[in-house]
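Structure at a glance
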Amino acid sequence: METLPLQAHIDETAPAVMKAREAGVDFSRLPQHIAIIMDGNGRWALQRGLPRLVGHRQGYRTVRRVVKDCADLGVKMVTLYTFSTENWRRPPDETSGLMALIEEAARQELRQMVINGIQVRVIGRMHELPTSLQEELRRGIEITARNNRLILNLAINYGGRAEIVDAVRAIARRVRQGELQPEEIDESTIRAHLYAPDMPDPDLLIRTAGEMRVSNFLVWQTAYSELWVTPTLWPDFRTEHLIEAILSYQQRVRKFGGILDEE
Ligand code: IPE
Ligand code: IPE
Ligand code: MG
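Below, the structure is looked at part by part. (Residues numbered from 1 in each chain as written. Chains lettered and ligands numbered in written order. Predicted model: local features only at pLDDT ≥ 70, side-chain atom pairs only at ≥ 80, totals over all residues. Heavy atoms only, no water.)

**Topic: helix 8 (residues 239–251)**
For an α-helix the count is 3.6 residues per turn, leaving residues at separations of three or four pointing the same way. Its 13 residues place the ends of helix 8 19 Å apart at the C-alpha level, agreeing with the 18 Å of an ideal helix rising 1.5 Å per residue. Buried residues of helix 8: Thr-239, His-241, Leu-242, Ile-243, Ala-245, Ile-246, Ser-248, Tyr-249 and Gln-250, and no others. Buried residues belonging to helix 8 abut helix 1 (15–23), strand 1 (33–37), helix 3 (52–73), strand 5 (204–207) and strand 6 (226–229). (Helix = DSSP H or I, 4+ residues; strand = E, 2+ residues; numbered from the N terminus. Expected span 1.5 Å × (residues − 1). Buried < 20%, exposed > 50% of the residue type's maximum accessible area, 1.4 Å probe, protein only. Contact = heavy atoms within 4.5 Å.)

**Section: the sheet that holds strand 4 (residues 150–158)**
The strand order 3-4-2-1-5-6 describes an open sheet built from 6 strands, whose pairing is parallel. Edge strands, defined here as strands with exactly one partner in the open sheet, are strand 3 (118–123) and strand 6. Between one strand axis and the next, the sheet turns through 20° on average, direction left out of account. Of the pairings in the sheet, the one linking strand 3 to strand 4 comprises 6 bridges and is parallel in character. Each bridged residue has a counterpart across the sheet, and for Arg-121 the counterpart in strand 4 is Asn-153. Helix 4 (residues 92–115) rests against strand 2 (77–84), strand 3 and strand 4 of the sheet, and its axis sits at about 155° to strand 2. (Pairing = 2+ DSSP bridges. Axes fitted to C-alpha atoms, helices over the stretch in contact; angles between N-to-C directions.)

**Considering the site of ligand 1**
Close to ligand 1 lie Met-38, Asp-39, Gly-40, Asn-41, Gly-42, Arg-43, Arg-52, His-56, Thr-82, Asn-87, Arg-90 and Leu-98. For ligand 1, an oxygen atom lies 2.7 Å from a polar atom in the side chain of Arg-90. When atoms are counted within 2 Å of each cavity's grid points, the one that captures over half of ligand 1 is the largest pocket. Listed by contribution, the elements that provide at least two residues to the shell around ligand 1 are helix 2 (41–47) and helix 3. In terms of residue count, the dominant contributor to the shell around ligand 1 is helix 2 (3 residues). Looking at the shell around ligand 1 residue by residue, the class counts come to 2 nonpolar, 6 polar and 4 charged. (Near = heavy atom within 4 Å. Polar contact = N/O pair within 3.5 Å; in protein donor to acceptor, adjacent residues only side chain to side chain. 1 Å grid on protein atoms, 1.4 Å probe; cavity = no way out; pocket = protein on both sides within 12 Å on 5 of 7 lines; lining within 4 Å. Sits in = over half its atoms within 2 Å of the grid points. Nonpolar A, V, L, I, M, F, W, Y, C, P; charged D, E, K, R; others polar.)

**Considering the site of ligand 2**
Looking at ligand 2, the residues that line it are Ile-37, Met-38, Asp-39, Tyr-81, Thr-82, Phe-83, Asn-87, Arg-90, Arg-207, Arg-213 and Ser-215. One nitrogen or oxygen atom from the side chain of Arg-90 is found 3.3 Å from an oxygen atom belonging to ligand 2. Considered on its own, ligand 2 offers 390 Å² of accessible surface; in the complex 78% of this is hidden by protein. The site holding ligand 2 turns out to be the largest pocket. Among the elements that make up the shell around ligand 2, the one with the highest residue count is strand 2 (3 residues). For the shell around ligand 2, the residue count by class is 4 nonpolar, 3 polar and 4 charged. (Areas by Shrake-Rupley, 256 points an atom, 1.4 Å probe, with all protein chains shown as cover.)

**Details of the layout of surface pockets**
Which parts of space are left empty comes out when a probe the size of a water molecule is rolled across the atoms. Estimates place the volume of the largest pocket at around 1100 Å³. Lining of the largest pocket is provided by 48 residues; of these, Met-38, Val-63, Tyr-81, Thr-82 and Phe-83 occupy positions nearest its centre. When residues of the lining of the largest pocket are traced back to their parent elements, those giving at least two are helix 2, helix 3, strand 2, helix 4, strand 3, helix 5 (131–144) and strand 4. Here the lining of the largest pocket is composed, by residue class, of 22 nonpolar, 12 polar and 14 charged. (Points joined across faces, edges and corners; volume = space filled by probe spheres on them.)

**So, the environment of Asp-203**
Assignment of secondary structure puts Asp-203 in the loop between helix 7 (187–192) and strand 5. Residues Asp-203 and Pro-31, 172 residues apart in the sequence, show an inter-C-alpha distance of 5.5 Å.

**What about helix 1?**
When we look at burial in helix 1, the residues that qualify are Ala-16, Val-17 and Ala-20. For helix 1, the angular spread of the buried residues around the axis is 95°, confining them to a single face. Exposed positions of helix 1 whose direction lies more than 90 degrees from the buried face are Pro-15 and Glu-22. Buried residues in helix 1 make contact with helix 3 and helix 8. (Arc of directions from axis to C-beta.)

**Notes on the nonpolar core**
Ranked by size, the top nonpolar core spans 45 residues in total, and within it Ile-34, Leu-73, Leu-80, Leu-152 and Ile-206 carry the most contacts. Looking at this core element by element, the count peaks at 6 residues for helix 3. (Core = buried A, V, L, I, M, F, W, Y, C linked by side-chain atoms within 4.5 Å.)

**Let's talk about the packing of aromatic side chains**
Enumeration according to the criterion identifies 7 aromatic pairs in this entry. Between the aromatic rings of Tyr-158 and Tyr-195, the centroid separation amounts to 6.0 Å while the plane-to-plane angle is 75°, which identifies the pairing as edge-to-face. You can see Tyr-158 sitting in strand 4 and its partner Tyr-195 sitting in the loop between helix 7 and strand 5, a full 37 residues away along the chain. A centroid spacing of 5.2 Å and a plane angle of 25° characterise the contact between Trp-234 and Phe-237, whose relative ring orientation is stacked. Across the pair, Phe-237 and Trp-234 agree in class, each one buried. Among the aromatic residues, those joined into a ring-pair cluster are Tyr-81, Tyr-158, Tyr-195 and Phe-217. Of note, Arg-21 hangs over the ring of Phe-27, and the distance from its end group to the ring centre comes to 4.3 Å. (Phe/Tyr/Trp six-rings, centres within 6.5 Å; stacked < 30°, edge-to-face > 60°. Lys NZ or Arg CZ within 6 Å of the ring centre and 35° of its normal.)

Rendered as structure tokens:
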């Protein structure tokens, strides 16, 4: 797998780094790309008799901490499942509340993104989002475009199948134009037409709130990702859980269908 041309660096003074060192994390073998299915905001609120949106707001706080922790640890890329193409099935007050929250977060976090050297990107059908949210996201993408410590991919109105559909449509158009022969299509062609063609596959896929499913996240890209699921709800997810996931990742043997030299 290619390495990202970023200048990730470990912040030795950061609490996350001190905790990770103490826990035995091997900093020479960090996952370079961590993808997260941030689930359980609704349940977190329900347990407290609060509206679901309060859970989402609490989830936003976790996002801030986790992104900062990842940057401090020297992780190069984080992809967050923020809103799926299927999440439109929820009641309109929840979906509009989420859109407003994402917009507010995009506006509020811009400063921190710049300070922390974070480059923001969006994957998903962005053109279907409310115009004001699209504008806020575009602003964030532009302003952070040259940051090179960590790339943060926000999957918004994102579906793994929708992404493949969009790629196939683009490829079909090229075939129709005569630019491409069907026989020439291979995995690299498909990858080149995904929303973020230069995105390396996630090394580690974290899911909170216990569900053992992918829920249409990064369908193409997670073919060989290491999965780590915790029952902890996303608003309760802490540095300790992130470290636990990384430690678990470092104990795995990745074979990509092959066999090891010593086998
Ligand atoms: C995940 O939390 C956040 C989004 C899907 C936007 P949920 O809202 O799915 O939380 P649960 O699964 O109902 O607990
Ligand atoms: C996945 O969680 C989507 C996001 C985290 C944005 P869901 O809560 O939508 O997934 P399901 O419905 O439990 O599969
Ligand atoms: Mg859920």
